[in-house]
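Reading the structure
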Amino acid sequence: MISRLAFLLSGVLLAILTVVPVRADVPLSAEMKQELRIHKAAVKANPKSAQARFDLAMTHAYTGRVLSGWDELRKIPDLDPAFPTRAVQHYEEWVQKEPLNWRLHFKLAFAYYFTDQKDKSQTEFEKILLNDPKHIWAMGYLALIKGEQGAVEESISLCRKALAIEPRAAAIHYLLSEALARKGDGAGAFAEKVEALRLTLF
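Residues numbered from 1 in each chain as written. Predicted model: local features only at pLDDT ≥ 70, side-chain atom pairs only at ≥ 80, totals over all residues. Heavy atoms only, no water.

1. Notes on the pattern of salt bridges
Put simply, the rule is: Here, a salt bridge means any Lys or Arg side-chain nitrogen found within 4 Å of an Asp or Glu carboxyl oxygen. Burial here depends on accessible area, computed with a 1.4 Å probe over protein chains only, as a share of the maximum for the residue type. Under 20% is buried, over 50% is exposed, and the range in between is partly exposed.
In this structure the tally under the stated criterion is 15 salt bridges. Glu72 is the partner of Lys75 in a salt bridge, and the nearest nitrogen-oxygen pair spans 4.0 Å. Using a relative accessible area of 9% as the deciding quantity, one classes Glu72 as buried. Residue Arg86 is joined to Asp80 by a salt bridge in which the shortest nitrogen-to-oxygen separation is 2.3 Å.

Encoded structure:
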C-alpha cells in the first residue's frame, strides 16, 4: 500500500513539475543571464529560426532550465527537419577550431543525441568534464544517457556527484529519482522527487 501511494504521489509531483511555472533553482551568473537575454531576443526577432531555438534551448539546458530547453527543442523538427543532421556537421567542424570551448561540445553532444548517436553524445559530455570536472550539467546529461543505456549505478553515481557540488539543482534531483526508480528504490525515488519539487517551488 505504501509503495502504491508513493507511486501515485510521484505521478502528481511529476505533473506539477511539468506544468507549473517555476523559478530558477540554481542562481545564474551575470554572464548566463546576459546569454539568456540575447537568445530570447533572437527567438523573439525570428521565431521560425531553428538555430535561434537551438541556441536558446542549449542555454536553458546548461543553466538547469530543463523543461524550458525541451520546449524549445521540440519545436525544431517542425521548423527545419534537417537541422539536427546539419547541426552535427556544423558543430563537429567548430569544435575542431575551438576544442576547449565547452559550449560547443555541449551543443555537439545534443546534436548527436537527437540524431541517435548517443555514444558520441556521451563522449562530448565526457570531454567537457575532462576540462571542468565540476560541470554539473554535463554530469547530469551524461547520467541521463547512462540511465537510458541501462547503466543505472553509473547514472546514480553521476547524479550524486553533481548534487554534492550543487545541491540546489532540482533537475538533477529529479533525474536521480528516475534512476533510483529503475533500481527499484521506490522510497529513495519518491524522496528525490519531493526534493526536486521543494527546490522548484519554494
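2. Overview of the packing of aromatic side chains
What counts, and what does not: The pairing test for Phe, Tyr and Trp rings, Trp by its six-membered ring, is centres within 6.5 Å, and the orientation test on the planes gives stacked under 30 degrees, edge-to-face over 60, and tilted for anything in between. Secondary structure elements are defined from DSSP: runs of H or I of at least 4 residues count as helices, runs of E of at least 2 residues count as strands, and each element is numbered from the N terminus.
Under the defined criterion, the tally for this structure stands at 16 aromatic pairs. Each ring, one from Tyr62 and one from Phe106, has its centre 5.2 Å from the other, and the planes form 85°; the classification is edge-to-face. You can see Tyr62 sitting in the loop between α3 (50-61) and α4 (66-73) and its partner Phe106 sitting in helix α7 (residues 102-113), a full 44 residues away along the chain. A centroid spacing of 5.6 Å and a plane angle of 90° characterise the contact between Phe106 and Tyr141, whose relative ring orientation is edge-to-face. With Phe106 in helix α7 and Tyr141 in helix α9 (residues 136-148), the pair connects residues that are 35 residues apart, well separated along the chain. The structure contains a cluster of three or more aromatic residues connected by ring pairs, namely Tyr62, Trp70, Trp102, Phe106, Phe110, Tyr113, Phe114, Phe125 and Tyr141.

Limitation: the analysis is restricted to geometry and does not speak to function.
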